[in-house]
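Overview (structure and organization)
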Amino acid sequence: MVTHEEILKIAKLAKLSVSADELVQLTKDMSEIIGFADTINAVSPENSDFDNINHLSNVFRDDVVAPSFDSGEILKNAPEQEDGYFLVKKRA
Amino acid sequence: MKEYGKIKKLSGLLSSRQMSCEELTRMYLDAMESENETLNAYVSYTADLALETARRVDAKAAKGEALLPLEGIPMTLKDNISTKGMETTCCSKILKGYVPIYDATVWQILQKQNAVLLGKTNMDEFAMGSSSETSCFGGALNPHDISRVAGGSSGGVASAVGGNLAVYGLGSDTGGSIRQPASFCGLVGLKPTYGAVSRYGLIAYASSFDQIGPIASSVEDAALVYDAISVYDEKDSTSRGKTEPASAALQNDIRGMKIGVAKEYFEGIRGDVNDALQQVIRVYESLGAEIVRFGMPSLKYSLPVYYILACAEASSNLGRYDGIRYGFQAEHYSDPNDMVCRTRSEGFGDEVKRRILLGTYVLSAGYYDAYYKKAQNLRGEIVNAFQGAFEQCDVMLAPTVPMTAFPRNFTAKDPVETYQTDICTVPVNIAGLPAVSVPCGFDEAGLPIGMQLIGARFCEAKILNAAYQYEAATRETTFRAAETGVRL
Amino acid sequence: MTNYELVSGLETHIELATKTKIFCSCSTEFGGEPNTHCCPVCIGLPGTLPKLNRRVVEYAILAGLATNCEISPVSKMDRKNYVYPDLPKAYQISQYDMPLCKNGWIELSNGRKIRITRIHIEEDAGKLVHQRGNTFVDYNRGGVPLIEIVSEPDIRSIDEAREYLEKLQTIMRFIGISDCRMQEGSMRCDVNISVRPAGSEALGTRTEIKNMNSFAHMTKAMDYELNRQIDLLESGEKIVQETRRYNEETECTEGMRGKEDANDYRYFREPDLVTIRVSAEEVAALKAELPELPGARMKRYTGELGLPEADAQQLARSRRIAEFFEAAADGVKNPKAAANCIIGQMFSRLSTEAEKEAFDVAITPEQLRELVMLLDAGKIRMNLVKSTLEKMLDTGKSAKEFISESDMAGLDEDALKAACEQAIAANPNAAADYLGGKEKALKAILGGVMKATRGRADAVKAEQLLIQLIKK
Ligand SMILES: [Mg+2]
Ligand SMILES: [Zn+2]
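Before going into details, it helps to say that this report is about the structure given with it. Predicted model, so just to flag it, every value in this text is computed and none were measured. (Residues numbered from 1 in each chain as written. Chains lettered and ligands numbered in written order. Predicted model: local features only at pLDDT ≥ 70, side-chain atom pairs only at ≥ 80, totals over all residues. Heavy atoms only, no water.)

With respect to the overall build of chain C
Helix and strand content of chain C: 16 helices and 17 strands. For a compact globule of 472 residues, the expected C-alpha radius of gyration is about 23 Å, and chain C comes in at 30 Å, more than 25% above that figure. Across the 472 residues that make up chain C, the buried fraction comes to 54%. If you sum the accessible surface of chain C, you get close to 21100 Å²; carbon and sulfur atoms cover 48% of it. Looking at charge distribution, chain C has the averaged site of its 64 positive side-chain charges lying 3 Å from that of its 72 negative ones. (Helix = DSSP H or I, 4+ residues; strand = E, 2+ residues; numbered from the N terminus. Rg over C-alpha atoms; globule rule 2.2 N^0.38 Å. Buried < 20%, exposed > 50% of the residue type's maximum accessible area, 1.4 Å probe, protein only. Areas by Shrake-Rupley, 256 points an atom, 1.4 Å probe, with all protein chains shown as cover. Lys, Arg positive; Asp, Glu negative; His and termini not counted. Charge placed at Lys NZ, Arg CZ, Asp CG, Glu CD.)

Structure representation (structure tokens):
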């Protein structure tokens, strides 16, 4: 069972704001989903030594500089920018 | 033997100059103009680029130069594959207006082949869903019956290819998102081995599950596209590339091939789907394959394991949409933190938020061991179970979806019921295996049924050959409802 | 009144001196216009993937070896999740439960060992500039490789904290993996502090002071925090476990509100990167690459070379100085003379600490060695060494350019006697004064001898001879 408080705590971590209406529905949905996820707790798996899915190791880059992007390109999609910086504007 | 593939046929027409690439491209663009409004397969058109590429191909053909396998073939990309200079939205409000400044590796490869990109296709928001109805553009419809969904999350690709608005398309498959819509739309959909195709430029949903692959109208076409895109990429640390080309392996005899059938895949599937699969088994027996039956008990944990791990990764992958560097930004806010919260709350749809919350929950202090860690251990067990299975057989056969395409706006009683439809597709993503969905009949309403052939890691050639042999043996009956000629 | 003991541990972040960032090929060069050392990977554009810089792993292993750590044969990268504008992916790629290096230590001059829990690799964040309510973001530093060195709470005094950090700085510079400049942020540390009654083994409630960016601030912050905690305990109040910041203006530490409830980092394995495996052979190869460390060199300088502890410490402060000294002192009879030249005249020409460490000087160690050899052979005297070295440092030329054959030939008895007689004749008043009991007057005449002989005269002999001549 998932509580309102837990949903609010999780939402805060995930940077989602949840309205009072949404909270009721979300708590119900999440309880269902968590209940479903709980089915794995019926088993106690052996500690399978699962690392990465394709068992690769030591995939490295050489320390060689390549040209960076033009800052105009870097900033191209920014909702707000100023003097080459990304900007979060002050709002009233 | 009959040729079912479109790609080779079209390529032949282009290189013999029986048809110009520009003509072919215009046919598709015209069809999109008139039919996309109904199907809602495409969310953006790239007509100028398509025609420009087509003219380049024609110039090459005019000089008598040989064409590459995918050269001049009109195609589409799911809208989560980054295309430089072309809007890439994941069908989410939060990415509306986002124009990548770099190309996904698969798109780079295809550009080198002069693939003719017609436009970007619809999908569930951030690839989370199985109907493509969580798209901020509305769902893509099933060309077999427009009262039904095309499936998801790569529903737009399936709708476009099924409706002959593209010859093939690239989708992505995290828990079945290529195979399920392929199955719903009577198409061939290949989910390659994890690592076979570069993920660089694919907007991540769940990084250890995501894999790009083709949706096409024949096994041969799927194989040709797979061969082109399964190339090692130094930009993706998890990339390995293919071990052998698949299209060259399509004529191999399958007599003596051992086809594994795990009973867990058949539990709870709809009767007509089961009947279709039993018929498939008989076809394979008639082709000289041997059916091996066994059980894989750990498969029953696939769904919760998948949802826990995929959502955990998603919650992290989707943290970056904060309204600062790209995409949507909330208009009203009090301070930077409030801006981020409002941007995310207004920008993400409900299903995406649910999955972010689930993922955050299972990773958070106090729950990590009970959910994330345990699911990770079970993932290891499922990997081992498949390894054991492939000691007994060459390929495995299973249904792709326990049912056929559901009606539009189908509302499940809760999110979990919707998740259940992924039960047959998620195991291979958990284990990183290749699987191809192939049409294998129709239900009473005339909707396609799909089967999947699953292989051991990097055994794409094997499963595609098995699929090809089935297709060759049954094409006349299986395809009665879907005439798959070229647009001529 | 109870005596209290400080219990402290440091988490030190050090930027590695690689050419490129940890996960992309952008330059790590300091400075530059905002967002000009950026690419799709380091600004976290959707769909981009990290690729680990091999040198980052090598540098971190060198850091581990230099601090007596075990190198993990298997380690991995993890994601540390938190949403903040300076972190473009909303997670920092770091290492959680399988760090690259662990269980090391550093020995302090008082013989105590400060244990190092772990050293792991991670990426730096971007920079935020807050101005009139606006937040400006620059990702040039985003993705610069860091190592985080975590110590056990073994530090018992502010001096120990300072020495520990200085030792780390010296060692990391020595092995060439970082310039460790606190002002530029390439070394910074968080200090964990608690206090307990002296003699107690229990650990008190600790606070963490974040982001110390100079030795002076660290010392002041620790001093303030130590006294604050003691005052709280003395007045019977509880210490709250919290993150604090040092306010440079008030010279106080203050609580950072709002940080506490957000620190559920939801670590999990980074699925976009693969396992890091380090073989024993690779560790051995890196170990072979490791230069002799400052501690070992100091011991050699005081032992084999017989230098005073203070000199040894000065010479071992940077690899460049140590190597210069060792080359200059190679095979000489009097290494102390080489040390004196470096610590005295050569250091005095370098004004800042950074310049001293860089030790960018006009002459080669071989040129200094040649000069010291002349002294060894008795061909020239110390005062000539000094003046010659000045000229060498001005011009970059060798000693022999400034010392003639006759300089090196020294003075024979007759020449010395002639010079002394001339000096007395030139200064009859001083001679008279000396005879009258003014011992100091002799110095003026001796000065005349030295000047006339351009320093070649043996001052002791000359003085004896002058006394003889005057008294005669
Ligand atoms: Mg850190
Ligand atoms: Zn970069």
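What to know about the interface of chain B and chain C
Counting from both sides, the interface comprises 37 residues of chain B and, opposite them, 31 residues of chain C. Buried area between chain B and chain C, summed over both chains or domains, comes out near 2700 Å², and the portion from carbon and sulfur atoms is 58%. The largest per-residue losses of area from chain B upon contact with chain C belong to Ser237(B), Arg320(B) and Arg325(B), which jointly make up 22% of the total buried on that side. The salt bridge partner of Arg199(B) is Asp272(C), with a shortest N-O separation of 3.0 Å. The tally of links between chain B and chain C comes to 16 residue pairs in polar contact (both at pLDDT 80 or more). (Contact = heavy atoms within 4.5 Å. Buried area = accessible area lost by both parts, 1.4 Å probe. Salt bridge = Lys/Arg side-chain N within 4 Å of Asp/Glu carboxyl O. Polar contact = N/O pair within 3.5 Å; in protein donor to acceptor, adjacent residues only side chain to side chain.)

Quick word on the layout of surface pockets
Residues and elements named next belong to chain C. By volume, the second largest pocket is sized at about 1300 Å³. Of all the elements in the fold, those that place two or more residues in the lining of the second largest pocket are α1 (54-66), β7 (101-107), α2 (158-174), α3 (215-234), α5 (294-303), α6 (309-315) and α9 (353-358). In terms of residue count, the dominant contributor to the lining of the second largest pocket is α2 (eight residues). Looking at the lining of the second largest pocket residue by residue, the class counts come to 17 nonpolar, 11 polar and 12 charged. Counting residues domain by domain, the lining of the second largest pocket receives three or more from each of domain 1 (4-285) and domain 2 (291-408). (1 Å grid on protein atoms, 1.4 Å probe; cavity = no way out; pocket = protein on both sides within 12 Å on 5 of 7 lines; lining within 4 Å. Points joined across faces, edges and corners; volume = space filled by probe spheres on them. Nonpolar A, V, L, I, M, F, W, Y, C, P; charged D, E, K, R; others polar. Domains from an automatic or database assignment.)

A short note on the interface of chain A and chain B
Taken together, the contact between chain A and chain B spans 46 residues of the former and 66 residues of the latter. A combined buried area of about 5100 Å² lies between chain A and chain B, and 65% of that area is made up of carbon and sulfur atoms. The largest share of the area that chain A buries against chain B comes from Phe36(A), Ile40(A) and Ile53(A), three residues that together contribute 14% of it. Summed over the shared surface of chain A and chain B, the number is two salt bridges. A salt bridge links Lys353(B) to Glu22(A), with the nearest nitrogen and oxygen atoms 3.8 Å apart. Viewed at the interface, chain B and chain A are joined by 11 residue pairs in polar contact (both at pLDDT 80 or more). Those elements that place two or more of their residues in the side of chain A that touches chain B are α1 (4-13), α2 (20-37), α3 (71-75) and β3 (85-88) of chain A.

A few points about the sheet that holds strand β6 (residues 91-94) of chain C
What links the strands of a sheet is backbone hydrogen bonding, and the strands pair in either a parallel or an antiparallel sense. What the three strands build is an open sheet, ordered β6-β5-β16 (chain C); its pairing is antiparallel. Strand pairing shows two members of the sheet lacking a second neighbour, β6 and β16 (268-269) of chain C, which therefore form its edges. Note: strand β5 (residues 78-81) of chain C against β16(C), two bridges, orientation antiparallel. Each bridged residue has a counterpart across the sheet, and for Arg79(C) the counterpart in β16(C) is Phe268(C). Against the sheet, helix α9 (residues 302-317) of chain B contacts β5, β6 and β16 of chain C, and its axis sits at roughly 60° relative to β5(C). (Pairing = 2+ DSSP bridges. Axes fitted to C-alpha atoms, helices over the stretch in contact; angles between N-to-C directions.)

Examining unusual backbone geometry
In most cases, non-glycine residues show a negative phi, while peptide bonds are predominantly trans. Gly152(B) connects to Ser153(B) through a cis peptide bond whose omega is 5°. Here Ser153(B) is to be found in the loop between β5 (145-149) and α5 (155-162). Unlike most non-glycine residues, Ser132(B) shows phi in positive territory, near 65°. With respect to the secondary-structure elements, Ser132(B) resides in the loop between β3 (116-121) and β4 (141-142). Under the relative-accessibility criterion, Ser132(B) is labelled buried at 0%. The phi dihedral of Phe359(C) is positive, around 50°, even though this residue is not glycine. Mapped onto the elements of the fold, Phe359(C) is located in the loop between α9 and α10 (365-376). Given a relative accessible area of 0%, Phe359(C) falls into the buried group.

Focus: the pattern of salt bridges
A full pass over the atoms with the stated rule returns 58 salt bridges over all chains. For Glu351(B), the salt bridge goes to Arg354(B), with nearest N and O atoms at 2.7 Å. Residue Glu351(B) and its partner Arg354(B) are located together in helix α11 (residues 350-363), separated by three residues, close to a single helical turn. Measuring nitrogen to oxygen at the nearest pair gives 2.8 Å for the salt bridge that ties Arg228(C) to Glu225(C). With Arg228(C) and Glu225(C) both in helix α3 and three residues apart, this pair spans about one turn of that helix. When sorted by exposure, Arg228(C) lands in the same class as Glu225(C), which is buried.

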